[in-house]
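Chains, contacts and geometry: an overview
Given next are the chains, with one letter for each unit.
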Amino acid sequence: MAPALELLPKSVEAVAAKAASAIGNGTSAPAAAAGIRLESQETHDRVMRVFRAFIADLCQQYGEGHGGSAMGMAAIGIALWKYVMKYSPTNCNYFNRDRFILSNGHACLWQYTFLHLVGVKSMTLEQLKSYHSSDPHSLCPGHPEIENEGVEVTTGPLGQGVANAVGLAMATKNLAATYNKPGHEVVNNMTWCIVGDACLQEGVGLEALSLAGHWKLNNLCVIFDNNNVTCDGTADVANTEDINMKMRAQGFNVIDVPNGNSDIPAIINALLAAKASDKPTFLNIVTTIGIGSNVAGTADAHGAAFGVEEVANIKRNYGLDPEKHHHIPQDVYDFFSDIPGRGQAHEAEWQAVVAKYEQEHAELASEFSLRVAGKMPADWTKCIPSKDEHPTSSVASRKSAYVITNNLGQKINSFLVGCADLTPSVNVAYKNKVDFQSPDLKTVCGMTGDYSGRYIHYGIREHAMCAISNGLAAFNKGTFIPITSTYLMFHLYAAAAIRMGALQGLQQIHIATHDSIGVGENGPTHQPIAVAALFRAMPNMLFFRPCDAEEVAGSYIAAIEAKDTPSTLALSRQSIAQYPQYSSREGVAKGAYVFTEAEGSSGPDDFDVTLIGVGSEMAYAMQTRDLLAKEYNLKARIVSFPCPRLFEQQSKEYRHSILKPRAGKPTVVIEAYPSNGWERYADASVSMNRFGKALPAKDVYEYYGFSPKKIAVQVKGLVEEVQRDGIGILRGDFRDLNGPLTIGLEH
């Protein structure tokens, strides 16, 4: 068994100095200095040949798959999984493990096969053969998925993974700065991330890498599989920049490995230099996609099987039996046989460190243990104001949310609060905050921070903000609950990352201020007309539009209790009325609830119409109710509907008790968003099925028909029609009381 890796010196120069004394022992000098004994090149070549033929076999069995990059990265894999990376294949959730991200996730066969070779029990040979099969229980989907053992995050859309990796590296830095003490390093892991040409073209990846360099995340190593191929051809059909110069400009240490096809010692040395660097490291490793095949180095090797005869030729050329399929010889398994024991040694060493830490830093160790377990302090609910603590006068819901964010930020280390350069507007900067920054940063404006800081300045990078927060949330379930913030409109920039968080069940809270047309003077570019429909349609996403401070509290509680779901809180810029006698945090937890029954009713069905009020438009519902009673002697009941997704999770009996579908009375929703989706709950709407205008909030609402007088007249007409012709007249005829959608540029 190879000896466990020693702790590395703190600088590349120190590694080189230590390596000098090891020259002549038959191994790579830096590797020897790190306590690594390399196998022979002949052995390495044997493992790579078997690996590449095996990948070609897996793709050929169903006539499709992405084998080219996986074959090209064989040497990188051996350097990482055999020699450098700290992990435990018998316990893939070992807390202080190195994190590995395959950002070019189409190369997933590379990761799955190494998981199998190093001894991850769930990744059996039969599972590997299920790649691209019809088996719904396959652990080998077309891109790595977080649910499967040994996979840290779900990667798919290119660039997301590298942004997640930045979040994972941040998590380590923050935990280390918070809990490590002299002689007690309870957290010191690396984050390794492989990217391809495409990840370095996607904007989200470049946004995140810019931040990694700015923050000097020297525990992050980005490994560029430089095979110069994308789907359309060689990478230079669309990209001819000097990537090394670009990465240096962003603050990365850059190391070239010109022969990434076979020079395993050079790759190991580069990986070790990354561990010793004082900056994040970018390894530019040149490989050949589809190496060993007749389409090597071309786009044809990217995403197609090589053909039966060509797979046989690959095996023949590698000295393997072409008649044997999916065959891994025992000597290849033996090559990796020391890894499980080494991993268990890593675990035991870490547990001993933690045990000693508990003896000398009992209070911190108790908190650290809670976070390792992914749990919140038992008294977290004290951060949520009670109902009688809310203001009774009008206040913007972004300000109501600040009260809670301020408490959580100050009192609970699990919350990392971040903003995409709108701190003065979104109201999330809690008192006495410390910024997450490199400790040696000196800004012109005087703002400083350190790695223990939990307020994150993401800059104008909404997409990276949310993708990085996915990495923070994925570091260890419940250890971090990231809070992001920007205008709701700009969350559309981040929607791809938010979707990935929902897909993975990653808990985070997105504070989305300036919702609806109430943004006013900022105009239609900032009025997020379509965004609510997108997030409401997104599976496993809770989208809240609270109508006052009490509903804000209920939304925050629901978001914190939703351990496997991201949440978005859409909050108003403008001041909105408060309804202490009606609003309910318990009601928010059910998604919708009766705000108020019809005044003067003699029984549960003694009403004329149900008005659904949502978020900042609740005031129009309440004012319309009063006008209907005063001017037309009509009885209206009000339902508040902050979160349709939660409402759908309630029993049929509860849902019917709220909406009363059998009463034969019409239901009208009032919301300054498109009517899409409300057909499930209402018969008609006062909606916003068009883009807005740059007018003050009160005027823009008035301009688009959100006037209690106008709404009351329209509702009166609808009620009279139903009273005359019956509720069936509305079945299949959902009404937009604000008029039909106009076609063209007029808005």
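Keep in mind that this is a model prediction, so the values were computed, not measured.

1. Notes on the overall build of the chain
A tally of helices and strands in the chain yields 27 helices and 23 strands. Relative to the globule expectation of 27 Å for 747 residues, the C-alpha radius of gyration of the chain, 29 Å, shows essentially globular dimensions. By its C-alpha atoms, the chain is 95 × 60 × 45 Å across when sized along the principal axes. Long-range pairs, those at least 24 residues apart, make up 77% of the contacts in the chain between residues at least 6 apart in sequence. In the form shown here, the chain has an accessible surface area of approximately 28000 Å², with 52% of it arising from carbon and sulfur atoms. Counting 64 positive and 77 negative side-chain charges, the chain places the centres of these two groups 5 Å from one another.

2. Remarks on the sheet that holds strand β2 (residues 191–195)
Reading across the sheet, the five strands line up as β1-β2-β3-β7-β6 and stay open at both edges, with parallel pairing between neighbours. At either margin of the open sheet sits one strand with a lone partner, and together these are β1 (99–102) and β6 (253–257). Each adjacent strand pair in this sheet contributes to an overall mean axis angle of 15 degrees, direction not counted. Two elements, strand β3 (residues 220–226) and strand β7 (residues 281–286), share six bridges in a ladder whose sense is parallel. In the sheet register, Phe 224 faces β7, and the bridge partner there is Asn 284. Against the sheet, helix α8 (residues 160–179) makes contact with β1, β2 and β3, and its axis sits at roughly 170 degrees relative to β2, the strand it touches most.

3. Comments concerning the sheet that holds strand β20 (residues 636–640)
Two modes of strand pairing occur in sheets, parallel and antiparallel, and in both the strands are linked by backbone hydrogen bonds. The strand order across the open sheet formed by six strands is β18-β20-β19-β21-β22-β23, and the pairing between neighbours is mixed. Each edge of the open sheet is held by one strand with a lone partner, namely β18 (593–596) and β23 (735–736). Packed on one face of the sheet, helix α23 (residues 618–632) meets β18, β19 (609–613), β20 and β21 (667–670) and runs near 170 degrees to β20.

4. Observations concerning helix α18 (residues 462–474)
An ideal rise of 1.5 Å per residue puts 18 Å on 13 residues; α18 measures up with 19 Å between its terminal C-alpha atoms. Among the 13 residues that make up α18, 13 are buried, leaving the element largely enclosed by the rest of the structure.

5. Details of the pattern of salt bridges
For the structure shown, the criterion picks out 27 salt bridges. Close ionic contact of Glu 521 with Arg 573 constitutes a salt bridge, the shortest N to O distance being 3.3 Å. Of this pair, Glu 521 sits in the loop between β14 (509–513) and α20 (531–537) while Arg 573 sits in the loop between β16 (567–570) and β17 (575–576), and the two are 52 residues apart along the sequence. When its relative accessible area of 45% is taken as the criterion, Glu 521 is described as partly exposed.

6. Overview of the side chain of Thr 596
Within the secondary structure, Thr 596 is located in strand β18. Beyond its immediate stretch of four places on either side in the chain, Thr 596 contacts Tyr 582, Met 622, Arg 625, Arg 637 and Ile 638.

7. Looking at the nonpolar core
One broad trend across soluble globular proteins is that nonpolar side chains are buried collectively. Ranked by internal contacts, the top residues of the largest apolar core, which has 111 residues, are Leu 217, Ile 509 and Tyr 556. If one sorts the elements of this core by residue count, α8 sits on top with ten residues. Residues Ile 36, Tyr 131, Ile 267 and Ala 273 belong to the second largest nonpolar core, which totals 77 residues.

8. Some words on the packing of aromatic side chains
Under the counting rule described, the total for this entry stands at 38 aromatic pairs. Look at Tyr 83 and Phe 335: their rings are 6.4 Å apart centre to centre, the planes differ by 85 degrees, and that puts the pair in the edge-to-face class. Placement of the pair is Tyr 83 in helix α5 (residues 74–84) and Phe 335 in helix α13 (residues 330–335), with a sequence separation of 252 residues. The class for Phe 335 is buried, based on a relative accessible area of 5%. These aromatic residues form a ring-pair network of at least three members: Phe 51, Trp 81, Tyr 83, Tyr 87, Phe 100, Trp 110, Phe 114, Phe 335 and Phe 336. Here Arg 99 stacks its cationic end above the ring of Phe 95, 5.9 Å away from the centre of that ring. The ring of Tyr 654 has Lys 590 lying over it, and the distance from NZ or CZ to the ring centre is 5.1 Å.

9. A short note on the confidence of the model for the chain
Averaged over every residue, the pLDDT of the chain is 93; the share at 70 or more is 95%. Segment residues 1–27 is flagged for pLDDT under 50; beyond a separation of four residues in sequence, or across chains, it makes 45 contacts in the model. For residues 741–747, every residue scores under 50 in pLDDT, and the model assigns this stretch eight contacts once sequence neighbours within four places are set aside.

10. Structural notes on the packing of helix α3 (residues 41–60) against helix α12 (residues 308–317)
Look at α3 against α12: their axes get within 9 Å of each other, and the N-to-C directions meet at 165 degrees. Judged by the inter-axis angle, α3 sits roughly antiparallel to α12. α3 and α12 meet at a crossing whose hand is left-handed. Here Ala 53, Ala 56, Asp 57 and Gln 60 of α3 lie close against α12, whose contacting residues are Val 308, Val 311, Ile 314 and Lys 315.

11. Some thoughts on the pairing of β14
Burial runs high along β14: five of the five residues are buried. Both faces of β14 are covered, namely the face carrying Ile 509, Ile 511 and Thr 513 and the face carrying His 510 and Ala 512. Where strand β13 (residues 481–487) and β14 come together, five bridges link them in parallel fashion. Pairing of Thr 484 across the sheet is with His 510, part of β14. Regarding the hand of the β-α-β motif, the stretch spanning β13, helix α19 (residues 495–504) and β14 is right-handed. For β14 and β16, the ladder comprises four bridges, and the chain directions are parallel. Directly across from His 510, in β16, lies its bridge partner Thr 568.

The rules behind these values
- Residues numbered from 1 in each chain as written.
- Predicted model: local features only at pLDDT ≥ 70, side-chain atom pairs only at ≥ 80, totals over all residues.
- Heavy atoms only, no water.
- Helix = DSSP H or I, 4+ residues; strand = E, 2+ residues; numbered from the N terminus.
- Rg over C-alpha atoms; globule rule 2.2 N^0.38 Å.
- Contact = heavy atoms within 4.5 Å.
- Areas by Shrake-Rupley, 256 points an atom, 1.4 Å probe, with all protein chains shown as cover.
- Lys, Arg positive; Asp, Glu negative; His and termini not counted.
- Charge placed at Lys NZ, Arg CZ, Asp CG, Glu CD.
- Pairing = 2+ DSSP bridges.
- Axes fitted to C-alpha atoms, helices over the stretch in contact; angles between N-to-C directions.
- Expected span 1.5 Å × (residues − 1).
- Buried < 20%, exposed > 50% of the residue type's maximum accessible area, 1.4 Å probe, protein only.
- Salt bridge = Lys/Arg side-chain N within 4 Å of Asp/Glu carboxyl O.
- Core = buried A, V, L, I, M, F, W, Y, C linked by side-chain atoms within 4.5 Å.
- Phe/Tyr/Trp six-rings, centres within 6.5 Å; stacked < 30°, edge-to-face > 60°.
- Lys NZ or Arg CZ within 6 Å of the ring centre and 35° of its normal.
- pLDDT = per-residue confidence, 0-100.
- Parallel < 35°, antiparallel > 145°, perpendicular 65-115°, else oblique.
- Left-handed = near helix turned anticlockwise from the far one by under 90°.
- Right-handed = clockwise from strand over helix to strand, strands pointing away.

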